[in-house]
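Examination of the molecular architecture
The chain contents come next:
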Amino acid sequence: MSESDNVERPAPTKRGEAAAGAAREHHARSLDYETVALVLQGGGALGAYQAGVMEGLSEARIPLNWVAGISIGALNTAIIAGNEPSMRVPRLREFWETICQPGFTPAMPVPIEHALFSVSDATRSMLTAFQAASAAAQGQSGFFAPRVPTPLPWLANAPDRVSWYDTTPLKATLERFCDFGRINSGEMRVSVGAVNVADGNFVYFDNTRTTLRAEHFIASGALPPGFAPVEIEGQFYWDGGVVSNTPLHEVLGASPRRDTLVFQVDLWSARGAVPQTLENVGTRVKDIQYSSRTRFVTDMLQREQRYRHLLRELLERVPEATRESDRLCKLVESLACNKRYNVLQLIYQQQKFERGDKDYQFGRSTMRSHWEAGLSDIRRTLSQDTWLDLPDNQSGFVTHDIHRVSR
């Protein structure tokens, strides 16, 4: 039995129970999509929000057939794809309860931590600052540990040792919680993004093209200089977030094109208050830096899909004999598309107590707060009656966000 089995979780509100019930009732039917994908952005400790989203998708019986992730999203991807549907949420909970333990010292007793976390924003900020400092000083259990001796910046070393922390413990953790035979079985498509350190090219490790091992997922989360690059077949790879923090383009740009529903789970919000302190400047820079790629990809693909639909409409006005014989018509045929795309955005909203260390603040109470936020957001999203319908607009592309007006 994991520690999480003994932890008292917040009682669901009446609103939460109603949303959960509506989600379960609404999804007693099958979805009209060829691809149903879960896309998980990077964001360190904030990744517990994605686990909460997965719990909501599980309780609503959403039939995922593709999971793609980067950084912490890649680690969540491994847990999800590496377990049978009924075990995905329990394994995610065990994984997060494991890595939210201090690296060496005993964890603070749960009742005391919960009490400090619940008193006020001030005590919560002090607690989380202490826990972030603990992560920096001693690492996290089953995840990463400080290198001993501490590397000297001006001394050369082997590439897989050029970092402040050692992620060796993570390999055993992933192999404990994931069945890599299931990941590579083809039951579900799995993609994780990384960057080749030598040539700077972004790559996807995908189970349709290669046999995935723990190293592929660890490479996707090897954010420098904290973590060292991971060697795979003679090449070294860093965290995909160095180039792009979201695998959304990989899913929406896949060929052949298919009617696609994407649950896009982001951990950094593009929208936020203008900073008034230097500390908040660092936090806001991270939000903008890591969320900008998502906005760019979504807007670009929405425009592209609108053009493809227009090409399809124009072709339908050309006589069939001409379409079959004319070279230009055949070229347009290859570019045209009538497939439809629906992107449901779930974006973590920063809490008042969170600081610039929020992505490495692995406190258990904070983790559960992130988890509950993800669960609440996906329940509210799934309770919207029409949001899962195939788009019927001119572009064949629609996005929805529970925190914003649908566009």
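See the structure shown above.
Note that the structure is a prediction, hence the values are computed from the model and not measured.

What follows is about the packing of aromatic side chains. Counting across every chain of the model gives 14 aromatic pairs. Their ring planes at 80° and their centres at 5.1 Å tell us that phenylalanine 205 and tyrosine 237 sit as a pair that is edge-to-face. Within this pair, whereas phenylalanine 205 is found in strand S6 (residues 202-206), its partner tyrosine 237 is found in strand S8 (residues 235-239), the two being separated by 32 residues in sequence. One exposure class covers both phenylalanine 205 and tyrosine 237, and it is buried. An aromatic cluster of three or more residues is present, and its members are Phe143, Phe144, Tyr165, Phe227 and Phe362.

Let us now look at the packing of helix H2 (residues 48-59) against helix H4 (residues 88-99). Relative placement of two packed helices is described by the angle separating their axes and the distance separating the axes. Here H2 crosses H4 at 165°, and the two axes come no closer than 9 Å. The angle between H2 and H4 falls in the class roughly antiparallel. The two elements H2 and H4 meet at a crossing, and its hand is left-handed. Touching Ala48, Ala51, Met54, Glu55 and Ser58 of H2 are Arg88, Val89, Leu92, Arg93 and Trp96, all from H4. A class-by-class count of the residues in the contact of H2 with H4 yields six nonpolar, one polar and three charged.

Enumeration according to the criterion identifies 17 salt bridges in this entry. The salt bridge partner of lysine 358 is aspartate 287, with a shortest N-O separation of 3.1 Å. With a gap of 71 residues between them, lysine 358 in the loop between strand S10 (341-347) and helix H14 (364-382) and aspartate 287 in helix H11 (residues 278-316) connect regions that are remote in the sequence. Since its relative accessible area comes to 4%, lysine 358 is described here as buried. One network of salt bridges, in which partners are shared, links Lys171, Glu175, Arg213 and Glu215.

This part takes up the pairing of S10. Counted residue by residue, S10 has seven buried out of seven residues, so it is predominantly covered. Of the two faces of S10, the one holding Tyr341, Val343, Gln345 and Ile347 and the one holding Asn342, Leu344 and Leu346 are both buried throughout. Pairing between S10 and strand S11 (residues 397-401): five bridges, direction parallel. Paired with glutamine 345 across the strands is aspartate 401, a residue of S11.

What counts, and at which threshold
- Residues numbered from 1 in each chain as written.
- Predicted model: local features only at pLDDT ≥ 70, side-chain atom pairs only at ≥ 80, totals over all residues.
- Heavy atoms only, no water.
- Phe/Tyr/Trp six-rings, centres within 6.5 Å; stacked < 30°, edge-to-face > 60°.
- Helix = DSSP H or I, 4+ residues; strand = E, 2+ residues; numbered from the N terminus.
- Buried < 20%, exposed > 50% of the residue type's maximum accessible area, 1.4 Å probe, protein only.
- Axes fitted to C-alpha atoms, helices over the stretch in contact; angles between N-to-C directions.
- Parallel < 35°, antiparallel > 145°, perpendicular 65-115°, else oblique.
- Left-handed = near helix turned anticlockwise from the far one by under 90°.
- Contact = heavy atoms within 4.5 Å.
- Nonpolar A, V, L, I, M, F, W, Y, C, P; charged D, E, K, R; others polar.
- Salt bridge = Lys/Arg side-chain N within 4 Å of Asp/Glu carboxyl O.
- Pairing = 2+ DSSP bridges.

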